[in-house]
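# Chain and residue survey
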Amino acid sequence: MKSESKQERISVGEHIAVRCEACGYRQNLKASDIEDPSKIICTGKDCDVSFSAKEGIKRAIASDNDYMAWCFISDTMIYGKEELSIGTAKSVTLEAPVSAVKKVFLYQDEGKPHDDSIYLVHKFSLPDKLVIISSSSEEMLGQKVEINWTVYANIAEESTQPWRDYLRKAKESLINEDYPDAIIEAEIAVEVTLEAIVWELLIKRKKLEEDVTDWILNHMKGVSDRSKHVMELAIGKKISEINPTVYKAWVNSVAKKRNLIVHQGYAASKEEALEAIGAAFEIIWLMLELVNRKPIRI
Ligand SMILES: [Zn+2]
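Residues numbered from 1 in each chain as written. Predicted model: local features only at pLDDT ≥ 70, side-chain atom pairs only at ≥ 80, totals over all residues.

Right, let's talk about the nonpolar core for a bit. It is characteristic of soluble globular proteins that their nonpolar side chains tend to be buried jointly. Membership of the largest hydrophobic core comes to 51 residues, with the highest contact counts inside it found for I183, A186, A189, I277 and A280. Mapped by element, the contributors of at least two residues to this core are β2 (15–19), α1 (53–61), α2 (162–175), α3 (179–205), α5 (223–235), α7 (244–264) and α8 (270–290). Ranked by residues supplied to this core, first place goes to α3 with 13 residues. Residues in contact with A280, not counting those within four places in the same chain, are L167, A186, E187, A189, V190, W250 and V254. In this structure, V92, L130, V151 and A153 belong to the second largest nonpolar core, which totals eleven residues. (Core = buried A, V, L, I, M, F, W, Y, C linked by C-beta atoms within 7 Å. Buried ≥ 20, exposed ≤ 12 C-beta atoms within 10 Å, placed from the backbone. Helix = DSSP H or I, 4+ residues; strand = E, 2+ residues; numbered from the N terminus. Contact = placed C-beta atoms within 7 Å.)

Once that is clear, we can look at unusual backbone geometry. Leaving glycine aside, a negative phi is the common case for residues, and trans is the common case for peptide bonds. Here the residue pair L126 and P127 is connected by a cis peptide bond, since its omega of 5 degrees sits within 30 degrees of zero. Among the structural elements, P127 can be located in the loop between β9 (119–125) and β10 (129–135). Residues other than glycine seldom take positive phi values, yet D46 does so here, at roughly 55 degrees. For D46, the position within the fold is in the loop between β4 (40–41) and β5 (50–51). One non-glycine residue, K207, lies in positive phi territory at about 55 degrees. Structurally, K207 can be placed in the loop between α3 and α4 (210–219).

All right, on to the sheet that holds β9 then. With antiparallel pairing, three strands are arranged side by side in an open sheet as β7-β10-β9. In this open sheet, the two strands that pair with only one neighbour each are β7 (89–93) and β9. Averaged over all neighbouring strand pairs, the angle between strand axes comes to 20 degrees, with direction disregarded. Bridging between β7 and β10 involves five bridges; their strand directions are antiparallel. What sits directly across from S91, in β10, is V131. (Pairing = 2+ DSSP bridges. Axes fitted to C-alpha atoms, helices over the stretch in contact; angles between N-to-C directions.)

This brings us to the environment of K123. Mapped onto the secondary structure, K123 falls in strand β9. Each residue touching K123, except ones within four places of it in the same chain, is listed here: V131 and I133.

Before going further, it helps to spend a moment on the sheet that holds strand β11 (residues 144–154). Ordered in space as β1-β6-β11-β8, the four strands form an open sheet in which the pairing is antiparallel. Each of the sheet's edge strands pairs with one partner strand only, and the pair in question is β1 (7–11) and β8 (100–107). Geometrically, the sheet is characterised by an average inter-axis angle of 20 degrees between neighbouring strands, direction not taken into account. Looking at chain direction, β8 and β11 are connected through seven bridges and run antiparallel. Looking at β11, one finds that V104 is bridged to V151.

Treat this as a map of the structure, not an account of what it does.
Right, here's the structure in full:
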């Protein structure tokens, strides 16, 4: 049965979560509503600090707040509100079919006291069926409650940006307190981006043939060679010359730590994992800008 309730769907490229460093307040913004991406003003209580969209997103992703990870990793967010009676299962049909679901959130209205006695789980069946199952104590059964739901999903068949998947995995590992894995995955996110970027630069900007480009990349497989020599070949500059700070942060907080973990079983801390994800995000952003691609559409 089709749900009558209202749903909203937005492309996640239009939607960003940012976090204020001063007060920690998180905002969800629609990219098209942002007048100046270099100056987002915090709407937290008694706070008027401003920061850039990029800084805000970096802080959102390099945080251990679960919610903030997700707007970054799927192409679409669909959300709505359902009234259900406690103890039943309610089926919601999404207004658009999706090809993959990345995350589902169920929550009661923010601002109202959260009722811990209501237990919610969900089941998702592709392409469009969300079932919300609720339960509570005997005396609560049958009572009406309003539940907000948010589904982060992909509608497009294929993700063309594998770095998003790895950064999401890094964030998942972080939340699961597996800090070494978070760092390893952050490094993979950087490496897959680097591979895609040098490929694109050599083919499009340098106008090399595909087989020549293949040959170069096969002979310079190492990420260090690629960030130095292949970049020089492609644009006449090493990544370290474009932005030494971002480059050093990646080398020290991500690449070197990854090697320590893989080769010596180094037990990285949560702080190190947070730092690695932030540093990986910065260098990925820098590389995407080199090919005029923004991680988000601002
Ligand atoms: Zn603030």
